[in-house]
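Structural overview
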4 protein chains.
Amino acid sequence: MAAESKNNRATLLISCPEKPGIISTVSNFLLDHQANIVQFDQHTTDPKAGMVFMRIEFDLSDFDASYDKLHEDMRLLAEDFKMKWQLNSKRERKRMAIFVTKQESCVMELIWRVKSGEIDADIPMVISNHNDLREVVENQGITFYHIPVTPETKDEAERKALALIEGKVDFIVLARYMQILSPEFIARFPNRIINIHHSFLPAFVGANPYVRAFNRGVKLIGATAHYVTNDLDEGPIIEQDVIRVTHRYTAEDLKVAGRHVEKHVLAHAVAWHVENKVIVHGNKTIIFP
Amino acid sequence: MAAESKNNRATLLISCPEKPGIISTVSNFLLDHQANIVQFDQHTTDPKAGMVFMRIEFDLSDFDASYDKLHEDMRLLAEDFKMKWQLNSKRERKRMAIFVTKQESCVMELIWRVKSGEIDADIPMVISNHNDLREVVENQGITFYHIPVTPETKDEAERKALALIEGKVDFIVLARYMQILSPEFIARFPNRIINIHHSFLPAFVGANPYVRAFNRGVKLIGATAHYVTNDLDEGPIIEQDVIRVTHRYTAEDLKVAGRHVEKHVLAHAVAWHVENKVIVHGNKTIIFP
Amino acid sequence: MAAESKNNRATLLISCPEKPGIISTVSNFLLDHQANIVQFDQHTTDPKAGMVFMRIEFDLSDFDASYDKLHEDMRLLAEDFKMKWQLNSKRERKRMAIFVTKQESCVMELIWRVKSGEIDADIPMVISNHNDLREVVENQGITFYHIPVTPETKDEAERKALALIEGKVDFIVLARYMQILSPEFIARFPNRIINIHHSFLPAFVGANPYVRAFNRGVKLIGATAHYVTNDLDEGPIIEQDVIRVTHRYTAEDLKVAGRHVEKHVLAHAVAWHVENKVIVHGNKTIIFP
Amino acid sequence: MAAESKNNRATLLISCPEKPGIISTVSNFLLDHQANIVQFDQHTTDPKAGMVFMRIEFDLSDFDASYDKLHEDMRLLAEDFKMKWQLNSKRERKRMAIFVTKQESCVMELIWRVKSGEIDADIPMVISNHNDLREVVENQGITFYHIPVTPETKDEAERKALALIEGKVDFIVLARYMQILSPEFIARFPNRIINIHHSFLPAFVGANPYVRAFNRGVKLIGATAHYVTNDLDEGPIIEQDVIRVTHRYTAEDLKVAGRHVEKHVLAHAVAWHVENKVIVHGNKTIIFP
């Protein structure tokens, strides 16, 4: 893809109640704004009385002249059709803060994929409640902040984190962050905090999933990336995967094997979020991969 | 899905050169014909100078009044935009002839999925160059024809088969049929003959793939469903899958394990073909699953 | 494998506390009894103070002369080493009763694999609490018994089932049997009742897993084969597998897709049980595939 | 596993013609040498006239006193039974030279797994025919040598490489090394050079597999790790894996997706080699994972 065309690329996500002619309406609207559709994805829960979801990727021939106008007119259209919508352009690279505790594999995978261009975003900072990963993160040229968290300092710690990220990041990735965020914090980033849970949810909700998987004698272990809500491990699932294990795996072996699943599942979820390929509806996601 | 609505359901497949506004044009055309779009899938090889492929599934509120008109008007639209297209309605159930030799698993899987409703088609007949499967097929209430094939009688055998299927079937499935069809026969069913090859093509093109997989010591074996062209094992691939094997597998074990992959891969390919989810472009397929 | 050699084939499963020289002891014991080892598998939980599990497959050159003696002497060896053990020969084909309710796919898969030789066992009878599957089962030449179950007649129904299977079957397969067996019934077949649960346990323990999977918005659905214990859905897991699904799947689509996973997972578990490849230890299985 | 016990751990790999009592012989031999067997794996191609392969992992209670004696006596045993064998101890960590060209992902994955302890080996040096990866490799604290290769200097380049690795490494990993090694070089490291081929062999033998996979329209792409022989891409396969792709993938997308398969397949193969879990027999591998 030529750099030039990518600079004119935008994405529109729409959720709205089904209505005859809705696809015509949207495609005509885009045509009127000189948008050249590159990819069009759609999903309907029920063509008679359901919801319709659309993702449209398009190029604007004269981006500077038309993008703001498009944004403004979209507001009116959305009102008429009761649309929830989101318009993004490639010109504004998404910025993620990564929250970690001590485990290296997930954060390093994200950094590696950002550097290799597989995830088209920036990482302005990594925030951790421990200092263990400072060196490996800073070695990659990325800013690292240590904000310790104790039961007493939790509120203060969240305020510090907020002060650091406010206006500087678009979403947050919990890349094995072993703290529970407060409802107030979560409310600031609706559907914009991605967590990796180290089990195939809803199996092994809560702590120590690998030990519990070992004790249960499962034959597959998995990982789940989901948006964070106030219900622990209950937010909308973005991606899941599993790998096969045998009776020869110790609980420690499960952990080692699981780390590879975790980092891939998380990387896919983050990439899709960055590319505006995820629509959240209720407690589920529609993914247009 | 209500039976009523399914009876009004139709599918339109379109391939044409990219052109600005093409999605508006098609969706407006359908809106003008009172079509209520249920699912819209699209793929572009290159938004500037490539090909665009669309699959639109829609309900017609008054099917009897509008379907023929839609068909007629589509002809004109297609001319204007140099479209290759295909319009199908749920009212015309697709009919497949299954060609087999001696192996039971693929043909029985297809029959089973038709009976369970997973494949929404009819099987007016099974044709075999051997008599071995007559009983299991007829036990399922399906007509079985035995047309022996020798090098000398090959032409005649194909003529006999053609006489049986002419006007009675829409497509042909080679469910482990161990004969090579003539170019003349194939030409009558362009992109309408589906073959299952018992390897992960292009590995092990030709005969005895399991023996060759055993000798090569591969760690995965696979199967490939593809449309038949005059180039043996070279037609457009519809679906592929593999399973893991180990040094403990004999060549016979590979065959047994492979049969399960074969029948699933073939069943998926046939289901997609029946649901008009496959567009062939050059030697490749676009699948809208 | 020549039929002759298969007739002389036997399998020995052993579980015992670790002890230096235990492998020598067992292999010398077998050598003394003219057993020619074909396959030897072993697993240790902890070489210092754990348990050791062995599976040895061997041919007896003069089966009639040596098998009974081997069996008798094994008793003594087992006493010395505190072994739990199981000796089986290919001459005694395992016999399974299949319990079903209304769903066809699992029971038909088992019948099909028995007929094709993939599962080397007999099916003397299928027992159902409904009459729906009588025809498809009897068409395969297999005896079908209808034993209705109501809350009031449950005890009586189990007694009837026991009367039918007593002495006629070696193990029971619950191939989507929608009744909970009593502890008394289960106690008669320890580690000899295999159930298929239509979810990736421990996710969606209990009823209606597909509906709950749909509501949770999972991206993979699975199935679990396990031995039945008194704790519902908590018995030792034999095999699990999953397949990928998307937001396009309705709850009904999940059910259809899940049926294929179920039947394969169950078939693998039954095959391993038949081939004496499963050792149960506590609430886990050791599988020597 | 306690560090102490790991220090006393050794592995014995044996390939020999089948002979009654062979397992007794080997286990008695080890018992006589005070070896406590931790894991015993065996495979027979044919119990009557085939080959038998064994892998035995064991602890020596007094390592210093018994290891050399064991090694010496093994020589005699091997002569009697025409055994090919290999004895390794955990005390001698395996050392690998990694050969690369310009692609980063495979070499970095190996370094990362060595650092995390997943691969229990050393990497004394990385050798490349280009200078591109010097910085990322040296940043990990690993020695990097640049040995340019042209058609004219190929022999000399191999001599330089040999001089560097002679006596310093136990095996070589070609982690996307885009040069063909000479038969003389290969002969020095029989079954000790591991290559990663970026396709599911034997599909797409030779150059540019991703472009050819794109042109063929395959639905899965894969990678193959194998030992290097003089027949290009024909050596014994150690591991293979695939991932699913769609019509939306460009040739470049296939490359990006494939890199993840490549690095995992290669890492598994290297780990198994390091843990002495691979026996080569003819052009196949027996893997005891």
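Residues numbered from 1 in each chain as written. Chains lettered and ligands numbered in written order. Predicted model: local features only at pLDDT ≥ 70, side-chain atom pairs only at ≥ 80, totals over all residues. Heavy atoms only, no water.

Counted only if it meets this: UniProt positions are given in the numbering used here, feature names are shortened, and annotations may be inferred rather than shown by experiment.
Labelled according to an unreviewed UniProt entry, chain A appears under the name Formyltetrahydrofolate deformylase, originating from Siminovitchia sediminis. In its Pathway (unreviewed entry) section, UniProt records this for chain A: "Purine metabolism; IMP biosynthesis via de novo pathway; formate from 10-formyl-5,6,7,8-tetrahydrofolate: step 1/1." If you open the UniProt record of chain A and go to Catalytic activity (unreviewed entry), you find "(6R)-10-formyltetrahydrofolate + H2O = (6S)-5,6,7,8-tetrahydrofolate + formate + H(+)".

Observations regarding the environment of Leu31(C)
Short version of the rule: In this text, helices come from DSSP runs of H or I with a minimum length of four residues, and strands from runs of E with a minimum of two, each type numbered from the N-terminal end. We call two residues in contact when some of their heavy atoms are within 4.5 Å.
Tracing the backbone through its elements, the reader meets Leu31(C) in helix α2 (residues 22–32). Spatially, the C-alpha atoms of Leu31(C) and Asp231(C) are 42 Å apart, while their sequence positions differ by 200 residues. Ignoring anything within four residues of it in the chain, the contact list for Leu31(C) reads Pro20(D), Gly21(D) and Ser24(D).

Some details on the domain arrangement of chain A
Residues and elements named next belong to chain A. Selection criterion: These domain limits were set by an automatic method or by a database of domain assignments. Note: buried area is the sum, over both parts, of the accessible area (probe 1.4 Å) each one loses when the two are combined.
Annotation of chain A at the domain level lists domain 1 (3–89) and domain 2 (94–287). With centres defined by C-alpha atoms, the gap from domain 1 to domain 2 works out at 30 Å. Tallying the contact residues gives 11 residues for domain 1 and eight residues for domain 2. Contact with domain 2 buries area across many residues of domain 1, yet Leu13, Phe53 and Arg55 alone supply 51% of it, more than any other trio.

Section: the interface of chain A and chain C
The line we're drawing: By convention in these notes, a salt bridge is any Lys or Arg side-chain nitrogen within 4 Å of a carboxyl oxygen on Asp or Glu. Think of a polar contact as two N or O atoms within 3.5 Å of one another; within protein, one of them needs to be a possible hydrogen donor and the other a possible acceptor, and neighboring residues in sequence only count if both atoms come from side chains. Classification convention: Asp, Glu, Lys, Arg as charged; Ala, Val, Leu, Ile, Met, Phe, Trp, Tyr, Cys, Pro as nonpolar; all other residues, Gly among them, as polar.
On the chain C side, the residues contacting the 32 residues of chain A number 32 residues. Roughly 2800 Å² is buried in total at the junction of chain A and chain C, and carbon and sulfur atoms are behind 53% of that figure. Of all residues in chain A, the largest losses of buried area upon contact with chain C belong to Arg216(A), Lys219(A) and His247(A), amounting jointly to 26% of the total for that side. Our count for the contact surface shared by chain A and chain C stands at six salt bridges. Glu234(A) is the partner of Arg216(C) in a salt bridge, and the nearest nitrogen-oxygen pair spans 3.8 Å. Between chain A and chain C we count 20 residue pairs in polar contact (both at pLDDT 80 or more) in total. At seven residues, strand β11 (residues 237–244) of chain A tops the list of elements feeding residues into the side of chain A that touches chain C. Tallied by class, residues from the side of chain A that touches chain C come to 14 nonpolar, nine polar and nine charged.

Examining the sheet that holds strand β9 (residues 193–197) of chain C
All names here are of chain C. Formally: Pairing between strands requires that DSSP locate at least two bridges from one strand to the other. Fitting a line to C-alpha atoms yields each axis, with helices limited to the stretch in contact; the angle taken between N-to-C directions then spans 0 to 180 degrees.
Strand order in this open sheet of seven strands is β7-β6-β5-β8-β9-β10-β11, and the pairing throughout is mixed. Two strands bound the open sheet, and with one partner strand each, they are β7 (144–146) and β11 (237–244). Between one strand axis and the next, the sheet turns through 20° on average, direction left out of account. Here strand β5 (residues 94–100) runs beside strand β8 (residues 171–174); their pairing, made up of four bridges, is parallel. Among the inter-strand pairings, alanine 97 is bridged to a residue of β8, identified as isoleucine 172. Of the strands in this sheet, β5, β6 (121–128), β7 and β8 are in contact with helix α6 (residues 154–165), which crosses β6 at around 160°. Set on the sheet, helix α9 (residues 251–274) makes contact with β5, β6, β8, β9, β10 (220–227) and β11; between it and β10 the angle comes to about 30°.

Here's the deal with the packing of aromatic side chains
Stated precisely, the cut-off is as follows: Planes of paired rings set the category: under 30 degrees apart is stacked, over 60 is edge-to-face and the rest tilted, where pairs are Phe, Tyr or Trp rings (Trp by its six-membered ring) whose centres lie within 6.5 Å. We call a residue buried when its accessible area falls under 20% of the maximum for its residue type, exposed when it is over 50%, and partly exposed in between, using a 1.4 Å probe and counting protein chains only. Two conditions define a charge sitting above a ring: the NZ of Lys or the CZ of Arg must be within 6 Å of the ring centre, and it must be within 35 degrees of the ring normal.
For the coordinates displayed, the defined rule picks out 20 aromatic pairs over all chains. The interplanar angle of 35° and the centroid separation of 5.8 Å between the aromatic rings of Phe185(C) and Phe189(C) together place this pair among those described as tilted. Classification of Phe185(C) by relative accessible area gives buried; the value is 1%. You can call Phe189(C) buried: its relative accessible area is 6%. Grouped by ring-pair contacts, the aromatic residues Phe99(A), Tyr177(A), Phe185(A) and Phe189(A) constitute a single cluster. The ring of Phe214(C) is capped by Lys284(A), whose NZ or CZ atom sits 3.3 Å from the centre of that ring.

Concerning the relation of the copies chain A and chain C
Heads up, the condition is: Overlaid copies result from least-squares superposition on C-alpha atoms, with residues included only where pLDDT is at least 70 in both.
At an RMSD of 0.0 Å, chain A and chain C line up after a rotation of 180° and a shift of 0.0 Å along the axis. The superposition of one copy onto the other is thereby described by a two-fold rotation axis. Taking C-alpha positions as reference, the residue of chain A nearest the rotation axis is Ala203(A), located at 2.1 Å. Residue by residue, 100% of the interface of chain A is reproduced at the interface of chain C, so both copies engage with the same surface.

Concerning the interface of chain D and chain B
With 32 residues of chain D at the interface, the matching set in chain B holds 32 residues. Buried surface at the junction of chain D and chain B, summed over both partners, amounts to about 2800 Å²; 53% is from carbon and sulfur atoms. Where chain D touches chain B, the interface holds six salt bridges. A salt bridge links Glu239(B) to Arg244(D), with the nearest nitrogen and oxygen atoms 3.1 Å apart.

Quick look at unusual backbone geometry
With an omega of 5°, the peptide bond running from Leu201(A) to Pro202(A) counts as cis. Summarising the element assignment, Pro202(A) is placed in the loop between β9 (193–197) and α8 (209–216). Phi is positive for Gln34(C), which is not a glycine, with a value near 60°. Its place among the elements puts Gln34(C) in the loop between α2 and β2 (35–44).

A closer look at the environment of Ala203(D)
Mapped onto the elements of the fold, Ala203(D) is located in the loop between β9 (193–197) and α8 (209–216). Between the C-alpha atoms of Ala203(D) and Ile221(D), which are 18 residues apart in sequence, the distance is 9.8 Å. For Ala203(D), the residues in contact, after removing those within four places along its chain, are Pro202(B) and Ala203(B).

Here's the deal with the UniProt feature "active site" (unreviewed entry) in chain A
In the numbering used here, UniProt assigns the "active site" (unreviewed entry) feature to Asp233(A). Along the chain, Asp233(A) falls in the loop between β10 (220–227) and β11. Given a relative accessible area of 7%, Asp233(A) falls into the buried group. Beyond its immediate sequence surroundings of up to four residues, Asp233(A) is in contact with Asn195(A), His197(A), Leu201(A), Val205(A), Gly206(A), His226(A) and Arg216(C).

Some points on the pairing of β9(D)
All names here are of chain D. Taken across its five residues, β9 has five buried, putting it largely inside the fold. Covered by surrounding structure in β9 are Ile193, Asn195 and His197 together with Ile194 and Ile196, the residues of both alternating faces. Here three bridges tie strand β8 (residues 171–174) to β9, and the two strands are oriented parallel to one another. Among the inter-strand pairings, isoleucine 172 is bridged to a residue of β9, identified as isoleucine 193.

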